[in-house]
Amino acid sequence: MVEESEIREQGGSNGIITEEFHDFNELRITALSRLWIAHKNGKRFLIKTTKDNSEAQQRMLRREYELSLECDHHNIVHIYTIEQLPIGMGIVMEYIEGRTLTEFIAENPSKKERQRIFAELIAAVGYLHKRGIIHNDLKPDNILITRADNTLKLIDFGLADSDAEYALRSLGCTPRYASPELQAHADRIDARSDIYSIGIIMMEMLGVSSITKRCTNAIPAKRYANIEELQRAWHRHNRGWRVALNLLVAIIIISAVAVQTLWVVRTHRKERHRKELIQRMQSGINEICNTSIEHIKASHYIEFATQEVLIMWERCDSLSKAITAETLDEAEQAIVATKYGEIYQQRYLEAVAAMDTMSSYYIESDLEQIVYYDSLRNNNLQYTPYPEE
């Protein structure tokens, strides 16, 4: 990375040779600023100037530079200096060869890649919040994704501030992503305002979820209190259904171990009857599991798929208990119950594999489909596919 020492050189009254920047090309114009690409010493830089060179915008530009001075995070664009240039007073920062978050999403990245990018976003915002800085203008246009390795870079501190009073005097945020209190110029704006913006961005990246609903609650007190709390909810969300299913595996394995111990103690009686019961059990479990696995493959919604696994376990467990009760003593019951654990575990792993290969999740379903599926689940209705046009 180019350091500030490579930009600042001896010369002139202020120690900066501005003439060495050349080939200024205007990149885009925002509501309050202009972005340029310029060259110096064989390197490209991104330069931000004011839009109309007014005194108010000049103060905001200097304020942005002051806030960024001590920020050093790999997911935040690096700012070198501010100086007078032929195009006006400008902040000199690293040039990012990339595209906006909106353009990145349009490339249809995988669920795993979107989740990684979102994790980088909340890490960058968390870094700012720990330094008392509220960004105030989080939106896809201020989030770049590098082309080299798809790394997130947070840009534009034009509305950021650690002084709420100053922020209220200079707000010009984007309404779709701005919190209600930010748009209303509330007396106090804190980290929960950025969390609201993150919720809107997450909704566009990953679909509607309990996390986005809480982030975007109109009442700040009902949102996550800080980034750390949001990160914990995010980690729980990613591992939620696997934890539940792994718990079922643990229950089955523990049960099998327990009954196998009893089988070792009492090993006798009715081999033929036992084999008949096991054969009946295997046939019944296969019939139940085949139906459930087909439902999982066709469900196209993770909540129904998880529910189907639980139903499959309950039905197989009931069948096992009914057949095991037909044996004449505890030793026979232990043998049949152990065999049930072996038969069911194999089919259960097939059900989990079916869930892992599901083609749909929150990010593959549009909002109307998610609302449709949530309505079925909330009203305890049987799963039916979303009606296609």
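A quick note: this is a predicted structure, and the numbers were derived from the prediction, not measured.

**Some words on the sheet that holds strand β4 (residues 79-85)**
- If you trace the five strands from one edge of the open sheet to the other, you get β1-β2-β3-β5-β4, paired in antiparallel fashion. The sheet is open, and its two edges are formed by β1 (22-29) and β4, each paired on a single side. Between one strand axis and the next, the sheet turns by 30° as a mean value, whatever way the strands run.
- As paired strands, strand β3 (residues 43-50) and strand β5 (residues 88-94) are joined by five bridges and run antiparallel to one another. Looking across to β5, one finds that Lys48 is bridged to Ile91.

**Things to note about helix α2 (residues 55-68)**
- With 14 residues, α2 extends 20 Å between its outermost C-alpha atoms, agreeing within 8% with the 20 Å of an ideal straight helix rising 1.5 Å per residue.
- Burial in α2 covers these residues: Gln57, Gln58, Met60, Leu61, Glu64, Tyr65, Leu67 and Ser68.

**Structural notes on unusual backbone geometry**
- The backbone phi angle of Asn41 is positive, close to 55°, even though this residue is not glycine.
- Position of Asn41 among the secondary structure elements: in the loop between β2 (33-40) and β3.
- With a phi close to 75°, Asn136 is a non-glycine residue in the positive phi region.
- For Asn136, the location among the structural elements is in the loop between α4 (111-130) and β7 (143-146).

**Focus: the packing of α4 against helix α7 (residues 191-206)**
- Running from N to C, α4 and α7 point in directions that differ by 170°, and their axes come no closer than 11 Å. Taken together, the axes of α4 and α7 are roughly antiparallel relative to one another. Contact residues: α4 offers Arg114, Gln115, Ile117, Phe118, Leu121, Ile122, Val125 and His129, while α7 offers Ala191, Asp194, Ile198, Ile201, Met202, Glu204, Met205 and Leu206.

**Let's talk about the pattern of salt bridges**
- Enumeration according to the criterion identifies 17 salt bridges in this entry.
- Of the charged contacts in the structure, one is a salt bridge between Lys153 and Glu94, with a shortest N-O distance of 3.8 Å. You can see Lys153 sitting in strand β8 (residues 152-154) and its partner Glu94 sitting in strand β5, a full 59 residues away along the chain.
- On the accessibility criterion, Glu94 (11% relative accessible area) is buried.
- Linked by salt bridges that have partners in common, Glu113, Arg116 and Glu120 make up one network.

**Quick notes on the pairing of β2**
- Of all eight residues in β2, six are buried; the element is thus mostly enclosed.
- Sheet topology places β1 next to β2; five bridges connect them, and they run antiparallel. Each bridged residue has a counterpart across the sheet, and for His22 the counterpart in β2 is His39.
- Between the antiparallel neighbours β1 and β2 lie three residues.

**Looking at the state of the cysteines**
- Evaluated as defined, the whole model comprises zero disulfides.
- Cysteine Cys316 is unpaired, with the sulfur of Cys289 as its nearest cysteine sulfur at 3.8 Å.

Rules and cut-offs
- Throughout, a residue's number is its position along its own chain's written sequence, starting from 1.
- For this predicted model, a pLDDT threshold of at least 70 governs which residues receive local features, and a threshold of 80 or more governs which side-chain atom pairs are given and counted, while totals over whole chains, interfaces and linings are taken from all residues.
- Remark: hydrogens and water are excluded; side-chain values derive from all non-hydrogen atoms of the structure.
- Note on pairing: two strands pair once DSSP finds at least 2 bridges between them.
- Each helix corresponds to a stretch of at least 4 residues labelled H or I by DSSP, and each strand to a stretch of at least 2 residues labelled E; elements are numbered beginning at the N terminus.
- All axes are obtained by fitting lines to C-alpha atoms, using only the stretch in contact for helices, and the reported angles, taken between N-to-C directions, cover 0 to 180 degrees.
- Multiply 1.5 Å by the residue count of a helix minus one, and that product is the helix's expected span.
- Note on exposure labels: buried denotes an accessible area under 20% of the residue type's maximum, exposed denotes more than 50%, and partly exposed covers the range between, all computed with a 1.4 Å probe on protein chains only.
- Each angle is binned into one of four classes, with values under 35 degrees roughly parallel, values over 145 roughly antiparallel, values of 65 to 115 roughly perpendicular, and all other values oblique.
- In what follows, a contact means two residues having at least one pair of non-hydrogen atoms within 4.5 Å.
- Should a side-chain nitrogen of Lys or Arg be within 4 Å of a carboxyl oxygen of Asp or Glu, the pair is scored as a salt bridge.
- Cysteine sulfur atoms that come within 2.5 Å of each other are treated as a disulfide pair.

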